[in-house]
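Below, each chain spelled out in residue letters.
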Amino acid sequence: MPEFKLVSDFQPTGDQPTAIEKLVEGLHQGHKHQTLLGATATGKSLDGQEPLFLLQKENDRWALRLVPIGEFVDEQVESGTTVKRINDTPIAPIAAEDSPYRVLSFNPASGKAELKPVTASIRHPAPATMYYIRTACGRQALMTGDHNLWVLRNGQMCLLPTTEVCQGDYIPLPLSIPGPQDELTSLDLLSILASTKIYVAANELIAKAVAGGSRQEFVRYLSPYYKAPESKISAILNNRPDSRIPIHIFTVLLEKTHRLNGQWDPSRARVVGRLDRCSLPASLSVTDELLRLIGYYIAEGNNQSQSGYFIWANRSPRMRLDFEATLASLDIPFTNRKNGDYQVSSMPLTLFLKHMAGSTAADKHLPPFWPQLSDCQLGLLLRAYFDGDGYVERSSAVCCTTASYQLASDLAYALQRFGIWGRIRRVWKKAGNSPHLGAWYWQVIISGQDDLRAFHQHIGFGLERKAQALASQLQHHAHSNVDIIPGCGFRFKSLREGLGLSNKALARATGLSRAAILFFEQGKRNPIRRTLEKILDALKQIADQRGHRDSDWWQEWYYLRGLLAVHWSMVQAVEPVTYAKPYVYDISVADNETFLAGFGGMFVHNTYVMAQVIERVQRPTLVLAHNKTLAAQLYSEFREFFPHNAVEYFVSYYDYYQPEAYVPQHDLYIEKDASINDEIDRLRLATTSSLFSRRDVVIVASVSCIYGIGDPEEYGKVVVSLHRGETRQRDKVLRHLVDIHYERNDLDLARGRFRVRGDTLEVFPAYSDLAYRIEFWGDEIVRITEIEPLTGEVLTEHPAIAIYPAKHFITPQEKLTLALRDIEIELEERLAELHSQGKL
């Protein structure tokens, strides 16, 4: 009898072992009522400040954001209408199909990074101890000890809790992150500067709105803020200097008057400070000049004044000309200080840059809208920044150094848009323009010829001397220790040996040296990405030429190919830290349960308990979920945990259902109407067939499973059982198939149908992806095979099969028909027997 076999590298931690032991003990003692309180996906809790890479649907478009996970979860938990609580843990669930959020998720089966919907936001009480995971390339995240990570250890992917991750393990990083197809065209300064003490000048628009509506309406909405609202309206209509409205009041006025009675046009309004000549349009166009200005400001700007100006310091003639041209395009004046620094005295621009990019070197960051920039726009912004702060090292690397932790993280994320793996390291630096003794800074490093070429292609330098320095570095040979695939040598050695190839033959096929192949296979060196691609391509070509069909060989080949779908960064340290914050934060992600988060960006994962209980108890199991979305998520997870057992999915098959109804007021009768999902119907039927044919079954179901699907005994009686070598009248078998709702169609073999060709019967069960071919010789069944229904290719030969009904419900009338059919068959067989004996 098959047994449940749990397949997972994860080991239960925390209070999970106790929970498993108690549940198993209770089941063995016959306890019928046990409760396990928990929440799905609760093992990947992070500190609230860890950045989360998020796609959010806004007005039928997906906007990308990099937001602190605590800010996102708090917003969901505090504003959600369906928030649930388990002890002290609030959970805000979201149906996967309706989720307006997506995250970049690591799929351990394929090795690929995929976009997956967020299905829940969770806030936990914080533990006393948290752990920093730090990688050699500078990524890091602060997480709980029972948090899980996919790591590559000795060439094998493992799912491990934080406390079991070791130095020398490798963590996956995405090769790239997605960006929008279209350019970002404008920014809404009213929302960006909503919390500032600044004004809006929109006299012409307000005058049109007042003329086309009710003046008293505007007076009423302004009265909570002004002692003489009539005077304010008069000032606006007469375009007097005191007509400006503070931005927070103007925002309320917009909302109350339905966008100024439809007259609102942000391109015709200005955001102003004390001087009109220093104003900005309420809808600020995202031009090349603006992006350059932001990049230059991040590199060299200082914004600490309370008087509405910022300082920009740079001595490059080319950058100074660009900076002046940008200010001129915005009609913003500036002055030159005696030391050569620029002073830009525009309150709106100063506040805009402060909110978008920070005020001092230590709190600089990329503007929050950077993920919404097109590749071309983002490249332009980064080029301006690297012109100011970037430099080229002789060791074939482009670098920049910043005092800002957040800016270093932002840059690492932004570079990944172009497939550039930016490394980060802490360096001690003494500033040349101040008397302090030195401080720790963050250095972002772009090295390796592939990454340098990507930087040159998509970003580059605008300054000629830096561009020439980069061009000279692009002539060097690629380093052999950049972007390696660790611990894979013994795996492609087994592939080589599986094809009967020698080291020399593989070296010849790949153009590598025999010594290099030996070093890789012995674990003395790790191949770089390009080298492993070359080896795998050569092995595949040879296998294809030889018609190599060994499934284990190909599974191993695809596993290695999957390792190429991400970067692998070595864990440098796992450090416990005392934690005093009240909460940690978590999201649940459909299917993969991983998402990109943390300083610089790394993938994180979740945990399980019930799979352990099922393996220990060895009983058929029904797992109930409160909705289809959660059921689908659990179904996917249990299939991964029990790949060799029958994991089935049983939910309502209605995509749409309108019950029969009568509306007496209108004498209206509404007929019952429904739309059935054929794939879900197949999975339901597969569930029933598995229950009748085996014991190692896990059924993940919604509450639809509590409704009757017929008597199991009656259902079992109508199963068509066929054995090789037995005598069966073919026509009776056909009639039996019709009785259990199979349809005959000799042209199109589809689910729930059968066809007959001479002495050959082909049946496509309603619950399967494969069909059966039953070959008769007279009334004897001589062969039973499983076939691919489209091509007819024979896959497997069976000694016996059972064909289950094409629908669940057996009505009383159908039961009577089947009973009469059984009597008819028995009479026919008895008459044939009497006839053969000469008694008739």
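Residues numbered from 1 in each chain as written. Predicted model: local features only at pLDDT ≥ 70, side-chain atom pairs only at ≥ 80, totals over all residues. Heavy atoms only, no water.

**Student:** Quick question: what am I supposed to make of the overall build of the protein here?
**Tutor:** What the protein contains, in helices and strands, is 26 helices and 44 strands. Scored against the burial criterion, the 840 residues of the protein give a buried share of 51%. In the protein, the proportion of contacts linking residues at least 24 apart, taken out of those at least 6 apart, comes to 67%. Carbon and sulfur atoms provide 50% of the accessible area of the protein, an area that totals close to 40500 Å². (Helix = DSSP H or I, 4+ residues; strand = E, 2+ residues; numbered from the N terminus. Buried < 20%, exposed > 50% of the residue type's maximum accessible area, 1.4 Å probe, protein only. Contact = heavy atoms within 4.5 Å. Areas by Shrake-Rupley, 256 points an atom, 1.4 Å probe, with all protein chains shown as cover.)

**Student:** Before we go on, may I ask you to explain the packing of aromatic side chains in this structure?
**Tutor:** The description of an aromatic ring pair rests on the distance of the ring centres and on the angle between the ring planes. Under the defined criterion, the tally for this structure stands at 21 aromatic pairs. Look at Y296 and W312: their rings are 5.9 Å apart centre to centre, the planes differ by 45°, and that puts the pair in the tilted class. Taken together, the residues Y296 in helix α9 (residues 288-300) and W312 in strand β19 (residues 310-312) connect sequence positions 16 residues apart. Given a relative accessible area of 1%, Y296 falls into the buried group. The buried category is assigned to W312, whose relative accessible area is 0%. Through a chain of ring-to-ring contacts, three or more aromatic side chains come together here, namely Y296, W312, F323, F334 and Y342. Between the NZ or CZ atom of R134 and the centre of the ring of Y132, over which it lies, the distance is 4.3 Å. (Phe/Tyr/Trp six-rings, centres within 6.5 Å; stacked < 30°, edge-to-face > 60°. Lys NZ or Arg CZ within 6 Å of the ring centre and 35° of its normal.)

**Student:** Help me understand the environment of K534 in this model?
**Tutor:** Structurally, K534 is set in helix α19 (residues 529-546). Since its relative accessible area comes to 38%, K534 is described here as partly exposed. Once the C-alpha coordinates of K534 and T510 are considered, the two residues, 24 residues apart in sequence, prove to be 6.1 Å apart.

**Student:** Where do I start with the sheet that holds strand β18 (residues 301-302) in this structure?
**Tutor:** Strands belonging to one sheet form pairs held by backbone hydrogen bonds; the direction of such a pair is parallel or antiparallel. In space, the 4 strands of this open sheet follow the order β18-β19-β21-β20, with antiparallel pairing throughout. The sheet is open, and its two edges are formed by β18 and β20 (335-336), each paired on a single side. When β18 meets β19, the two strands line up antiparallel, connected through 2 bridges. Among the inter-strand pairings, N302 is bridged to a residue of β19, identified as I311. (Pairing = 2+ DSSP bridges.)

**Student:** In this structure, what is going on with the pattern of salt bridges? I would like to understand it.
**Tutor:** Pairing is possible between side chains of opposite charge, provided their charged atoms come close. Here the structure, examined in full by the defined rule, presents 31 salt bridges. Across the pair K116 and E114 runs a salt bridge whose closest N-O atoms are separated by 4.0 Å. You can call K116 buried: its relative accessible area is 17%. Look at E114 and you get partly exposed, because its relative accessible area is 22%. Salt-bridge contacts for D451 lead to R423; the nearest nitrogen and oxygen are separated by 3.6 Å. (Salt bridge = Lys/Arg side-chain N within 4 Å of Asp/Glu carboxyl O.)

**Student:** Just to check I follow, could you spell out helix α25 (residues 730-739) for this structure?
**Tutor:** Residues spaced three or four apart along an α-helix face the same direction, because each turn holds 3.6 residues. Looking at α25, one finds that the buried residues are K732, V733, L734, L737 and D739. Of the residues one or two after α25, H741 is the one with positive phi, at around 75°.

**Student:** I keep staring at the environment of V763 and nothing clicks. Help me out?
**Tutor:** Mapped onto the elements, V763 comes out in strand β40 (residues 760-764). On the accessibility criterion, V763 (0% relative accessible area) is buried. Note: C-alpha distance between V763 and E786 (23 residues apart in sequence) is 9.7 Å. Ignoring anything within four residues of it in the chain, the contact list for V763 reads L737, Y742, R753, F754, A771, Y772, I774 and I803.

**Student:** Would you mind going over the nonpolar core with me for this structure?
**Tutor:** Generally speaking, a soluble globular protein has its nonpolar side chains buried in company with each other. Judged by nonpolar contacts, the single largest core of 98 residues is most densely connected at F250, W264, L349, F352 and L382. Broken down by element, this core gets its largest block of residues, 8 residues, from α9. Counting 34 residues, the second largest nonpolar core, distinct from the first, contains I485, F520, Y559 and V566. (Core = buried A, V, L, I, M, F, W, Y, C linked by side-chain atoms within 4.5 Å.)

**Student:** I would appreciate a short explanation of the confidence of the model for the protein in the present structure.
**Tutor:** Detailed conclusions should not be drawn from predicted coordinates in areas where pLDDT is low. In the predicted model, the protein carries a mean pLDDT of 82, and 83% of its residues have values of at least 70. The spread of mean pLDDT over the elements of the protein runs between strand β32 (residues 654-658), the lowest at 57, and helix α12 (residues 375-389), the highest at 94. Overall, residues 37-43 carries pLDDT values under 50, and its contacts beyond four positions in sequence, including any with other chains, amount to 25 contacts. (pLDDT = per-residue confidence, 0-100.)

**Student:** Is there a simple way to think about the side chain of R491 in this case?
**Tutor:** By secondary structure assignment, the location of R491 is in helix α16 (residues 489-498). For R491, a relative accessible area of 7% translates into the label buried. Leaving out residues up to four positions away in the same chain, R491 has contacts with G155, Q156, E556, Y559 and L560.

**Student:** Where do I start with the side chain of N314 in this structure?
**Tutor:** Checked against the element boundaries, N314 lands in the loop between β19 and α10 (317-329). In terms of polar contacts, N314 uses its side chain to reach the backbone amide nitrogen of S316, at 2.7 Å. With residues up to four places along the chain from it excluded, the contact list for N314 reads E300, M319 and R320. (Polar contact = N/O pair within 3.5 Å; in protein donor to acceptor, adjacent residues only side chain to side chain.)

**Student:** Would you mind going over the pairing of strand β8 (residues 140-143) with me for this structure?
**Tutor:** The side chains of a regular strand alternate, residue by residue, between the two faces of the sheet. Every second residue of β8 is oriented toward a common face, with Q140 and L142 on one face and A141 and M143 on the other, all of them buried. Here strand β7 (residues 129-135) pairs with β8 via 4 bridges, running antiparallel. If you follow R134 over to β8, its bridge partner there is Q140. In textbook terms, the turn of a hairpin is the stretch between consecutive antiparallel strands, and for β7 and β8 this stretch comprises 4 residues, one of which, G138, has a positive phi near 95°.

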